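Fold and contact review
Here are the chains, one letter per residue:
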Amino acid sequence: MPESSRTRSAQAAPVVAMVGGGQLARMTHQAAIALGQSLRVLAADAGDPAAQVSPDVVIGAHTDYDALQRVAKDATVLTFDHEHVPTEHLAKLVADGVTVAPPPEALVHAQDKLVMRTKLAALGAPVPRFAEVTTAAVAHRFAVEAGGTAVIKTIRGGYDGRGVVLVDDPAQARDVAQRYLADGVPILIEERVVMRRELSALVARSAFGQGAAWPVVQTVQRDGICVEVIAPAPELSEGTAAAAAQLGLRLAHELGVVGVLAVELFETLDGAILVNELAMRPHNSGHWTMDGSVTSQFEQHLRAVLDYPLGDTAALAPTTVMANVLGAPQIPAMSVDERIHHLFARMPEAKVHLYGKAERPGRKLGHVNLVGRPGEDLRDLRERAERAAHWLSHAEWTDGWDPHAGDDAGRTDEEKQA
Ligand SMILES: Nc1ncnc2c1ncn2[C@@H]1O[C@H](COP(=O)(O)OP(=O)(O)O)[C@@H](O)[C@H]1O
Ligand SMILES: [Mg+2]
């Protein structure tokens, strides 16, 4: 190929710019590479997960309009790895001619939990009972009427359970509300849902309006942080699974979402579903798609914002389990490199995704996907995923396995054969 046409075709690649340099941007960059592209990133710090790997990084704050303008300059489309860009900045970018996906009118429903609850209720989507908290007395009265327990949430800025307080009685509701209001933090209160489990309906919608839904998954949270995902959600009735996926597609359409939409759901004890919250970007509940689906959520997000036809969302195995690698309370002396070495020696089937972050207790450092074997018991699959993730963070085998024991003590039959 002559030099000139090679240069031209390189220039023809679209440029997706993403606000936020976290692991979601890092993995979106990974997907962009496969499409012959490179993600442009607005990162707060050169050491951020995506800034480490993309050659096209703007360092700046997502609250700084100049920085947003710089990262959006000549980009095909501007998108997000978190929902914290001030809504007024987004409106200004659109007015300045930037293509923003999802558009600000859609994204606000992932930014503002009160706007989201109000809109979803108006659309007839099932949501927990809720109220805006304007005084501590409002919170107290709501908790009394809800039977004592409730949940207080900051309306903006929360993630991974930050900004979510489960209250056990009306007096506590009043005190928690009082504290937030005194700091000028807007909050809402909602009923504390007694649930069987949490689910997530992950869908994508392209700029053109094409929709696609992955199988509905079960998510497991600890202290408000997602720790495990089972895809598809086990023992979910076909009717509920279809209704949840349909709800996701309908909300994507009604809200005008462009990109990936995660609809976090509660499944109540009688099998009904309620919407917890929305995220309009790749989501922790979709990390399993990297190894367990024909199309990963990161590639799909790019397809959607670039208005390509969407990819096949079928699962590649009957079940895939994702386990998050969360920083151990005590950082192990063993290096991460050595931990990977041991993990690969023992579990060659584990698909490891690390984010390049420094270890800190409770921090999301990566995740592991385990694609189920035909006929495998779900408990065994979950155990393997949990064992792999725990090893990577703690350098400790949950089943007490010792690679240097020199005999077969403590090993399962399967491992002895391996
Ligand atoms: N109304 C509720 N009833 C019971 N548990 C809840 C309720 N709202 C939130 N939670 C729990 O707190 C977690 C975090 O709440 P969420 O609103 O999703 O905040 P975040 O933005 O931090 O993800 C949920 O995944 C769920 O486990
Ligand atoms: Mg959530």
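Residues numbered from 1 in each chain as written. Chains lettered and ligands numbered in written order. Predicted model: local features only at pLDDT ≥ 70, side-chain atom pairs only at ≥ 80, totals over all residues.

Here's the deal with the overall build of the protein chain
- Scanning the protein chain from terminus to terminus reveals 14 helices and 17 strands.
- For the protein chain, the C-alpha radius of gyration of 22 Å lies close to 22 Å, the compact-globule estimate for 418 residues.
- For the protein chain, restricting intrachain contacts to residue pairs at least 6 apart in sequence, the fraction spanning at least 24 positions comes to 62%. (Helix = DSSP H or I, 4+ residues; strand = E, 2+ residues; numbered from the N terminus. Rg over C-alpha atoms; globule rule 2.2 N^0.38 Å. Contact = placed C-beta atoms within 7 Å.)

A short note on the UniProt feature "binding site: ATP" (unreviewed entry) in the protein chain
- As annotated in UniProt, the feature "binding site: ATP" (unreviewed entry) corresponds to Lys 113, Lys 153, Glu 190, Glu 191, Arg 192, Val 193, Glu 198, Asn 276 and Glu 277 in the numbering used here.
- Among the secondary structure elements, Arg 192 is positioned in the loop between β8 (187-190) and β9 (195-205).
- Looking at Arg 192, the number of C-beta atoms within 10 Å reads 17, which means it is partly exposed.
- Not counting chain neighbours up to four residues away, the residues in contact with Arg 192 comprise Thr 149, Ala 150, Val 151 and Leu 166.
- Checked against the element boundaries, Asn 276 lands in strand β14 (residues 273-279).
- Residue Asn 276 is classed as buried on the basis of its 22 C-beta neighbours within 10 Å. (UniProt positions renumbered as here; feature names shortened; annotations may be inferred. Buried ≥ 20, exposed ≤ 12 C-beta atoms within 10 Å, placed from the backbone.)

Section: the environment of Arg 360
- By the element assignment, Arg 360 lies in the loop between β16 (351-354) and β17 (364-371).
- Residue class for Arg 360 comes out exposed when judged on the 12 C-beta atoms lying within 10 Å of it.

A few points about the sheet that holds strand β2 (residues 40-43)
- The parallel open sheet is built from four strands, whose spatial order is β3-β2-β1-β4. The open sheet has two edge strands with one neighbour each: β3 (57-59) and β4 (77-80). Neighbour to neighbour, the strand axes of the sheet diverge by 20° on average, direction disregarded.
- One ladder, built from four bridges, connects strand β1 (residues 16-19) with β4; its direction is parallel. Paired with Met 18 across the bridge in β4 is Thr 79. (Pairing = 2+ DSSP bridges. Axes fitted to C-alpha atoms, helices over the stretch in contact; angles between N-to-C directions.)

Looking at the UniProt feature "domain: ATP-grasp" (unreviewed entry) in the protein chain
- Under the feature "domain: ATP-grasp" (unreviewed entry), the UniProt entry names residues 117-306.
- Helix and strand shares over residues 117-306 are 32% and 32% respectively, and the end C-alpha atoms of the span are 29 Å apart.

Details of helix α7 (residues 136-145)
- All of the buried residues along α7 are Ala 139, His 140, Phe 142 and Ala 143. In an axial view of α7, the angular spread of the buried residues amounts to 165°, which keeps them on one side of the axis.
- Within two residues after α7, Gly 147 carries a phi angle of roughly 95°, on the positive side. (Arc of directions from axis to C-beta.)

So, unusual backbone geometry
- For the bond running from Ala 101 to Pro 102, omega is 0°, close enough to zero to count as cis.
- With respect to the helices, strands and loops of the structure, Pro 102 is situated in the loop between α4 (87-95) and α5 (104-111).
- Unlike most non-glycine residues, Asp 223 shows phi in positive territory, near 55°.
- Assignment of secondary structure puts Asp 223 in the loop between β11 (217-222) and β12 (225-231).
- Even without a glycine there, the phi angle at Asp 307 is positive, about 60°.
- Along the polypeptide, Asp 307 turns up in the loop between α11 (297-305) and β15 (320-326).
- For Asp 307, a count of 18 C-beta atoms within 10 Å corresponds to the partly exposed category.

Points about the site of ligand 1
- Close contacts around ligand 1 come from 18 residues, with Val 151, Gly 158, Val 164, Val 193 and Gln 221 the closest.
- The set of elements that each furnish at least two residues to the shell around ligand 1 consists of β6 (150-154) and β14. (Near = placed C-beta within 6 Å.)

Brief notes about the nonpolar core
- One finds Ile 152, Ile 189, Ala 201, Leu 261 and Ala 388 to be the most contacted residues of the largest nonpolar core, which totals 110 residues.
- Excluding residues within four positions of it along the chain, Leu 261 makes contact with Val 203, Ala 204, Arg 205, Gly 248, Leu 251, Ala 252, Leu 278 and Met 280. (Core = buried A, V, L, I, M, F, W, Y, C linked by C-beta atoms within 7 Å.)

Some words on the confidence of the model for the protein chain
- The pLDDT averaged across the protein chain works out to 94; a share of 94% of its residues lies at or above 70.
- Note on residues 1-6: pLDDT is under 50 here. Beyond four places in sequence and across chains, it has one contact. (pLDDT = per-residue confidence, 0-100.)

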